[in-house]
Amino acid sequence: MEIDRNKLAALANLDDAAFGNIIYSVILASGGSESAARSAMSSAPIIKAKLKNASDKELRQIIGFIGEKNAADILGRLGK
């Protein structure tokens, strides 16, 4: 998966609530539980901080962890 650094920067610059809502929606849409979605949503500030300074290697690891489809869904929700 090719990472669009502009979209990544826009994502990292969202306020915590908006970023958390995107994470919450994607986890539920991918079959995750309500508790998992809420847990991830509460971690929005930490996740954003990691995204802002992530190297290419770290981004590939994040994508590997959350899955390409979820990563694409998260980036695709920008501007909605």
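The written sequence of each chain sets the order in which its residues are numbered from 1. For this predicted model, a pLDDT threshold of at least 70 governs which residues receive local features, and a threshold of 80 or more governs which side-chain atom pairs are given and counted, while totals over whole chains, interfaces and linings are taken from all residues. Excluding hydrogens and water, the side-chain values take into account all heavy atoms of the structure.

## Examining helix H6 (residues 68–76)
For H6, the complete set of buried residues consists of Asn70, Ala71, Ile74 and Leu75. Buried positions in H6, seen along its axis, are confined to an arc of 130° and lie on one side of it. Any two residues having at least one pair of non-hydrogen atoms within 4.5 Å are treated as being in contact. Working definition: helices are DSSP H or I runs of at least four residues, strands are E runs of at least two. Numbering for both runs from the N terminus. Looking at the buried positions of H6, the neighbouring elements they touch are helix H1 (5–12), helix H2 (16–29) and helix H5 (56–66). Using a 1.4 Å probe on the protein chains alone, a residue whose accessible area is under 20% of its type maximum counts as buried, one over 50% counts as exposed, and one in between counts as partly exposed. Starting at the helix axis, one direction is taken to each C-beta atom, and the arc is that of these directions.

## Some thoughts on the side chain of Lys48
On the secondary structure map, Lys48 appears in helix H4 (residues 44–52). When its relative accessible area of 9% is taken as the criterion, Lys48 is described as buried. Setting aside residues no more than four positions away along its own chain, Lys48 makes contact with Ala12, Leu14, Asp15, Asp16 and Phe19.

## What to know about the confidence of the model for the protein
The predictor rates its confidence in each residue with pLDDT, a number between 0 and 100. Residues of the protein with pLDDT of at least 70 account for 95%, and the chain-wide mean is 84. Put simply, H6 is where the protein has its lowest mean pLDDT, 80, and helix H3 (residues 34–42) is where it has its highest, 91.

## Description of the nonpolar core
For this analysis, a nonpolar core means a set of buried residues of the types Ala, Val, Leu, Ile, Met, Phe, Trp, Tyr and Cys, connected via side-chain atoms within 4.5 Å. By size, the foremost hydrophobic cluster in this structure holds 14 residues, and its most contacted members are Leu11, Phe19, Ile22, Ile23, Leu51, Leu59 and Ile74. Among the elements of the structure, H1, H2, H4 and H6 are those that each provide at least two residues to this core. Top contributing element to this core by residue count: H2, with four residues. The contact partners of Phe19, leaving out residues within four places of it in the chain, are Leu11, Leu14, Ala44, Ile47, Lys48 and Leu51.

## Quick word on H4
Of all the positions in H4, only Ala44, Lys48 and Leu51 are classed as buried. Here the buried residues of H4 occupy an arc of 60° about the axis, which is enough to place them on one side. Along H4, the residues that are exposed and aim more than 90 degrees away from the buried face are Ile46 and Lys50. In the core, the buried residues of H4 are packed alongside H1, H2, H3 and H5.

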